Amino acid sequence: MNIIGIDLDKCVGCNSCVRVCPAPGTNVAKYDQNGNMVIDIDNDRCIKCGACIKACTHNARFYRDDTERFINDMKSGKEVIIITAPAVKIAFDGNWRHVLQWFRNNGVKEIYDVSLGADICTWAHIKYLNENKGKKIISQPCAAIVNYIVRHKPELINSLSPVHSPMLCLAIYIRKYLGRSCKIAALSPCIAKKEEFEETGNIDYNVTFKHLKDYFEKNNIDIPKVKVYSEFEFDGTPGFVGSIYPKPGGLKENLLLHAPDIHVLNSEGVEKVYREIDTYVEEDRQNIPTVFDILNCEFGCNDGPAIGQDYKQFKMDAIMRDVKKYTESVRNDTVQIDETGKKTEDSQFVEFDEKLKLNDFLRGYTSKYVELQLVSEKEIQDGFVILNKTTNIEKNFDCHACGYKSCREMAAAIAMGINIPDNCHQYIMSKIKKESVQIERVNKTVIDIMEELQNVFEVLSKSVNDTTKESENIRMLGQKNVEDMTVVNEYMKELGNLVGDIYSNIDGIKKDVRNYKKVTDDVEQISQNINLLSFNASIEAARAGELGKGFSVIANNIRELSENSRKSVQNATSNNKNINESIVYINKVIDNFIERIKNLMEVVENTIKDVRNTSENGMRINDSMTNVTELSGKINNLIERTRSVLQNNNYK
């Protein structure tokens, strides 16, 4: 599990971590699954200095230590020794004794001051330099510095001081010289110490001051405040001047106190110390100090990333001055004076010379160098091309927004694949400018289209209004046609009724004609009978002679009457035939008329239905046109609102 962690959900890609990180290639810009730019960590290159955690205002970076595991083990009854860095006085100013007493009250039997380990560390440095004349070393109490060299400057591993850090010097002293075999927990202000402890195996827990404070707060543990008496005292031999190790140049002061002739140069702070380490390799050897005393943090361990306190330099210096005065007064009591009255080495170092072995406090280092991809000049120039940097001004813009010191470094990062073009401010501004021009063109086109649409909708609206009026006219005319056709239908019904009456009367005439025919038939029969009688009478008159003449006249008259009746009957029969033929023709005409009236009535009814449908369609057209008019108005309003938004946002 990585010591430095990242919450990608909180990362906003602000590059603060890139800007402060001294380890090349550690921070990798990329896009997350949502397309947001985030800065991830390459753990193989990370030196755990904690600078990114301090710089991250979004709380996206965090660190892991052993605080929770240690407290759980302590509460379960496991035997644990605590050693605490002198920076505890800064972390818990005024009540640090109460914090340590709380541990003692909760089962920790032995608690040691790392100041003693610092004194051993100083002794070991002087002894090592005395035994290795001409040797020039880089101090290593700072674990972040060690991590930087073994990961990024392996050529300087042989220059690293082989002397263990004060914490490890004390842990070795406790285990080898005091004979303690239980686990050791170190209270520290340093994140990188966890890796140092895991590699050397002498300390089991890195308990940072910040997480310890968080634990107290989370569990409502009330630690007495400042200026309250505490009975706490450290176990074992007290430390002396080693208590000022946490301040800038702490090792330097300790070395010069015991060996004033040593050339010691100190440097602190992420912003410059790593730059000086980089130049150390190529520096003329005669300019290099015997001891290069360097710390990652600007104000030393008192300002460590896990200190859990935000004191300013003046406050920290005041606390350290009080500590120094106290330790110097204690040390003066141990200083020996020779026969000439000159001060000799203090009794503490005399005791170290007698009891301690230098080799017990020395260590070796293993390179963890992961070669950073080397890029050629062509690849860097290709990186510039990707960043759209073509001129010398653009290539040397050096705004540092990407987190790098120069555009060239950014181009190299692009070539190595550990950064992305969108992380370049100038690239984004150029991209925005181009997109702005494109947007302006698009917006102009959109506005032109909207104006054209507006004209179209105005024409459409007018057409819709005209159509609405016409549909209303259609509806009204249709309604009138319905009414007129209804009247026609009524007339046709009446005409049909009249035809029915005619048809009935024709039937009566036909009956009368049949009766008339019967009468003519009877008359003709009578005429025939009269004619027969007249013939018989003529015969009888002929027989009667003179006497029959008068009867013969009568018989002739009767015959003429019969003949006239017959002719009349023949004429009546002929007329009757003509009448029957006319009646048949009239019947045919009436039948045809009735058929035509029937067809006409069907046509009228269908016409009425069609007119009604036309009227209904006209109403629907009217409703649809009304909806279209409303929609046209809404679209027109939307176009106006869009135009207003574009104009208000200067998209003109």
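The structure we're discussing is the one just above.
Residues numbered from 1 in each chain as written. Predicted model: local features only at pLDDT ≥ 70, side-chain atom pairs only at ≥ 80, totals over all residues. Heavy atoms only, no water.

A. Examining the nonpolar core more closely. Among the nonpolar cores identified, the biggest contains 69 residues, and Phe70, Ile83, Phe92, Phe103, Ile120, Ile203 and Phe209 are the most heavily contacted of them. When residues of this core are assigned to their parent elements, the largest contribution, 10 residues, is made by helix 6 (residues 114–131). When neighbours within four sequence positions are excluded, Phe70 is seen to be in contact with Val80, Ile82, Phe103, Val108, Ala185, Tyr205 and Val207. By size, the runner-up hydrophobic cluster in this structure holds 35 residues, among which are Ile4, Ile6, Cys46 and Ala413. (Core = buried A, V, L, I, M, F, W, Y, C linked by side-chain atoms within 4.5 Å. Buried < 20%, exposed > 50% of the residue type's maximum accessible area, 1.4 Å probe, protein only. Helix = DSSP H or I, 4+ residues; strand = E, 2+ residues; numbered from the N terminus. Contact = heavy atoms within 4.5 Å.)

B. Examining the packing of helix 6 against helix 14 (residues 347–355) more closely. Orientation of helix 6 relative to helix 14, taken along the N-to-C sense of each, is 70 degrees, at an axis distance of 11 Å. Viewed along their axes, helix 6 and helix 14 adopt a mutual orientation that is roughly perpendicular. Note on packing geometry: the crossing formed by helix 6 with helix 14 is right-handed. Together, Leu116, Asp119, Ile120, Thr122, Trp123, Ile126 and Lys127 of helix 6 and Gln348, Phe349, Phe352 and Asp353 of helix 14 make up the contact between the two elements. For the contact of helix 6 with helix 14, the class distribution of residues is 6 nonpolar, 2 polar and 3 charged. (Axes fitted to C-alpha atoms, helices over the stretch in contact; angles between N-to-C directions. Parallel < 35°, antiparallel > 145°, perpendicular 65-115°, else oblique. Left-handed = near helix turned anticlockwise from the far one by under 90°. Nonpolar A, V, L, I, M, F, W, Y, C, P; charged D, E, K, R; others polar.)

C. Quick peek at the sheet that holds strand 5 (residues 80–84). Strand order across the open sheet formed by 4 strands is 6-5-8-9, with parallel pairing between neighbours. Each having just a single partner strand, strand 6 (110–113) and strand 9 (205–208) make up the two edges of the open sheet. Taking the axes of each pair of neighbouring strands and ignoring which way they run, one obtains an average angle of 25 degrees across the sheet. Pairing of strand 5 with strand 6, which is carried by 4 bridges, proceeds in the parallel orientation. Within strand 6, the position partnered with Ile81 by the bridge is Glu110. Docked against the sheet, helix 9 (residues 193–200) engages strand 8 (183–188) and strand 9, running at close to 165 degrees with respect to strand 9. With respect to the sheet, helix 10 (residues 209–218) is in contact with strand 5, strand 8 and strand 9, its orientation differing from that of strand 9 by roughly 70 degrees. (Pairing = 2+ DSSP bridges.)

D. Region of the structure containing the pattern of salt bridges. With the rule as written, the count across this model stands at 25 salt bridges. Residue Asp278 is joined to Lys153 by a salt bridge in which the shortest nitrogen-to-oxygen separation is 3.7 Å. A residue pair is termed long-range when its members are at least 10 positions apart, and Asp278 in helix 12 (residues 270–280) and Lys153 in the loop between helix 7 (143–152) and helix 8 (166–177) qualify at 125 residues. Given the relative accessible area of 30%, Asp278 is considered partly exposed. Across the pair Glu195 and Lys368 runs a salt bridge, and its minimum N-O distance is 4.0 Å. One end of the pair, Glu195, is in helix 9; the other, Lys368, is in the loop between helix 14 and helix 15 (377–386), with 173 residues separating them in the sequence. Classification of Lys368 as partly exposed rests on a relative accessible area of 28%. By sharing partners, the salt bridges in this structure join Lys48, Arg151, Glu195, Glu199, Arg363 and Lys368 into a single network. (Salt bridge = Lys/Arg side-chain N within 4 Å of Asp/Glu carboxyl O.)

E. Representation of the side chain of Gln348 in the model. Within the element layout of this structure, Gln348 appears in helix 14. A polar side-chain atom of Gln348 sits 2.9 Å from a polar atom in the side chain of Asp119. Gln348 has contacts with Leu116, Asp119, Pro238 and Phe240, leaving out every residue within four places of it along the chain. (Polar contact = N/O pair within 3.5 Å; in protein donor to acceptor, adjacent residues only side chain to side chain.)

F. Focus on helix 8. Its 12 residues place the ends of helix 8 15 Å apart at the C-alpha level, agreeing with the 16 Å of an ideal helix rising 1.5 Å per residue. Taken as a whole, helix 8 has its buried residues at Pro166, Met167, Leu168, Cys169, Leu170, Ala171, Ile172, Tyr173 and Ile174. Where the residues of helix 8 are buried, they touch strand 5, strand 6, helix 6, strand 8 and helix 9. Downstream of helix 8 by a residue or two, Gly179 has a phi angle that is positive, lying close to 75 degrees. (Expected span 1.5 Å × (residues − 1).)

G. Local environment of helix 5 (residues 96–105). Summarising burial for helix 5: 7 of the 10 residues are buried, a large majority. Within helix 5 the residues assigned to the buried category are Trp96, His98, Val99, Leu100, Gln101, Trp102 and Phe103. Close packing links the buried residues of helix 5 with helix 3 (67–75), strand 5, helix 4 (88–91), strand 6, strand 8 and helix 10. Phi turns positive one or two residues past the end of helix 5, at Gly107, with a value near 110 degrees.

H. Region of the structure containing a negative patch on the surface. Together, Asp591, Glu595, Glu602 and Glu605 line one region of the surface with negative charge. Among the secondary structure elements, Asp591 is positioned in helix 19 (residues 549–648). By relative accessible area, Asp591 is classed as partly exposed at 39%. (Patch = residues over 30% accessible without salt bridge, like charges linked within 9 Å, V, L, I, M, F, W, Y side chains within 5 Å. Areas by Shrake-Rupley, 256 points an atom, 1.4 Å probe, with all protein chains shown as cover. Lys, Arg positive; Asp, Glu negative; His and termini not counted. Charge placed at Lys NZ, Arg CZ, Asp CG, Glu CD.)

I. Structural context of unusual backbone geometry. The phi dihedral of Lys48 is positive, around 60 degrees, even though this residue is not glycine. With respect to the helices and strands, Lys48 occurs in the loop between strand 3 (37–41) and helix 2 (51–55). On the basis of relative accessibility, which here comes to 2%, the residue Lys48 falls in the buried class. We note that Asp398 has phi near 50 degrees; this positive angle belongs to a residue other than glycine.

J. The sheet that holds strand 7 (residues 137–138), seen in detail. Taken together, 3 strands build an open sheet; the order of strands is 7-11-10 and the sheet is parallel. The two strands at the open ends of the sheet, each matched to only one other strand, are strand 7 and strand 10 (264–268). Bridge analysis of strand 7 against strand 11 (residues 291–295) gives 2 bridges, and the strand direction is parallel. Paired with Ile137 across the strands is Val291, a residue of strand 11.

K. The arrangement of the packing of helix 6 against helix 11 (residues 250–258) in detail. Packing of helix 6 against helix 11 brings their axes to within 10 Å, and their N-to-C directions diverge by 60 degrees. For the element pair helix 6 / helix 11, the angle class is oblique. In the packing of helix 6 onto helix 11, the handedness of the crossing is right-handed. Between helix 6 and helix 11, the contacting residues are Asp119, Thr122, His125 and Ile126 on the first element and Leu251, Asn254, Leu255 and His258 on the second. For the contact of helix 6 with helix 11, a count of residues per class yields 3 nonpolar, 4 polar and 1 charged.

L. Structural detail: the environment of Tyr128. Tracing the chain through its elements places Tyr128 in helix 6. Along the sequence, Tyr128 and Val163 sit 35 residues apart, while their C-alpha atoms lie 8.1 Å from each other. Setting aside chain neighbours within four positions, we find Tyr128 in contact with Lys135, Ile137, Pro162, Val163 and Leu358.

M. Region of the structure containing the environment of Glu231. Position of Glu231 relative to the elements: it lies in the loop between helix 10 and helix 11. Glu231 sits in the exposed class, given a relative accessible area of 59%. Taking C-alpha positions, Glu231 is 8.0 Å from Arg97, a pair spaced 134 residues apart along the chain. Looking at Glu231, its side chain comes within polar contact range of the side chain of Gln101, at 3.5 Å.

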